[in-house]
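Here is how the chains run, residue by residue.
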Amino acid sequence: MDISPVKEAGPVGAAVGPESPAAPVGGAQGGGGPKGLAGHRFGPVALVVTGGLSVQFGSALAVLLMPRAGALGVVTLRLVLAAAVLLIVCRPKVRGYGRADWGTIVAFGAAMAGMNILFYQAADRIPLGAAVTLEVLGPLILSVVASRRLMNLLWAGLALGGVVLLSGGGFDRLDPLGAAFALAAGAMWATYIVFSARTGRRFPQADGLALAMAFGAVLSLPLGIAEAGDKLLVPSTIGLGLAVALMSSVLPYTLELLALRRLPAPTFAILMSLEPAIAATAGFLILSQALSLTDALAIALVIAASMGAVRTQVRAAARERGRVAG
């Protein structure tokens, strides 16, 4: 699964946790709210949904590209080309930052590279919908741990039930290695959420994202070259890689950045919880990866758990504000 420059919210509401700013992105550093579509009442929601569609259909396109360049080659193409676009568009400043700022960029970029490498290894072995569903567990666990609320244990149990259904009683049905890669990608996604929030506080606009993406691209480059070699230089492969970079990184990151300037982070988190369903749809339409009724139910349980975790945190935060005001 893919993530965005402002995915502090994560799919399960990490934006209301201790690592994230209280207000939606686009405050002191982000400037005023966007105009046009994002300013319309339903504009921000449309932007997030469009971003989610772009991410998951971009991931489906990446699966089609894997026979040409391999999973590691696809990751390298995506990160290198996305970094090039973001560096050109953002033109981030590199002076005036301290060691802690650069340490955050290194950690954010490493998490970004690790998450994508692991996820594409999973998508190369198991259906896209299953891979995203397992990956979502990372942010969900982060949400439960950060909130320390008993109610969230219920949502964690619901998600676990979905995973048990998805595995069919044993991950051998899915390919154990592919499932393990997806779960590891989820752990990296949780790390990504934490350092995305820190990067957003330390760097203006999308400068931190551009710099972290560049660092992640550098990390992935040796792996991609080792697996794909000069296949990465084939013009048609580069063209498809650019499409993946634009659909899975540049476009959704930009749309979500605009949306979160007007959209409350918890609402964003609930919308992001729909990504397993979007991924399953993309897998069916582009990759002919049909879902069984059991698989569909498993994905629905994980989505419900994610949404429930978000709502629990929002209500708890509202009660806390009420007590402080009183």
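Up top is the structure.
The following refers to the structure shown.

Definitions and cut-offs
- Residues numbered from 1 in each chain as written.
- Predicted model: local features only at pLDDT ≥ 70, side-chain atom pairs only at ≥ 80, totals over all residues.
- Heavy atoms only, no water.
- Axes fitted to C-alpha atoms, helices over the stretch in contact; angles between N-to-C directions.
- Helix = DSSP H or I, 4+ residues; strand = E, 2+ residues; numbered from the N terminus.
- Parallel < 35°, antiparallel > 145°, perpendicular 65-115°, else oblique.
- Left-handed = near helix turned anticlockwise from the far one by under 90°.
- Contact = heavy atoms within 4.5 Å.
- Nonpolar A, V, L, I, M, F, W, Y, C, P; charged D, E, K, R; others polar.
- Expected span 1.5 Å × (residues − 1).
- Bend = angle between axes of the 7 residues up to and from the residue.
- Buried < 20%, exposed > 50% of the residue type's maximum accessible area, 1.4 Å probe, protein only.

Turning our attention to the packing of helix H1 (residues 43–90) against helix H6 (residues 207–228). Geometrically, a packed helix pair is captured by the angle between its two axes and the distance between the axes. Orientation of H1 relative to H6, taken along the N-to-C sense of each, is 150°, at an axis distance of 7 Å. Judged by the angle between their axes, H1 and H6 are roughly antiparallel. Both H1 and H6 take part in a crossing whose hand is left-handed.

In this section: the packing of H1 against helix H2 (residues 99–123). Running from N to C, H1 and H2 cross one another at 150°; their axes reach a closest spacing of 10 Å. Compared by their axis directions, H1 and H2 come out roughly antiparallel. Crossing geometry of H1 relative to H2 is assigned as left-handed. Packed against H1, whose contacting residues are Ser59, Ala62, Val63, Met66, Ala71, Leu72, Val74, Val75, Arg78 and Leu79, the element H2 presents Ala113, Asn116, Ile117, Phe119, Tyr120, Gln121 and Ala123 at the interface. Of the residues that constitute the contact of H1 with H2, the class distribution is 13 nonpolar, three polar and one charged.

Another point: unusual backbone geometry. With a phi close to 50°, Gln205 is a non-glycine residue in the positive phi region. Turning to its location among the elements, Gln205 is positioned in the loop between helix H5 (176–202) and H6. The backbone phi angle of Ser288 is positive, close to 60°, even though this residue is not glycine. Summarising the element assignment, Ser288 is placed in the loop between helix H9 (275–287) and helix H10 (293–325).

Our next topic: H6. With 22 residues, H6 should cover 32 Å at 1.5 Å per step; its first-to-last C-alpha distance of 30 Å lies within 8% of that length. A maximum bend of about 35° is found in H6 at Ser220, where proline Pro222 lies one to four positions downstream. Along H6, the residues classified as buried are Asp207, Gly208, Leu209, Ala210, Leu211, Ala212, Met213, Gly216, Ala217, Ser220, Gly224 and Ala228. After H6 finishes, the residue Gly229 shows a positive phi value of roughly 60°.

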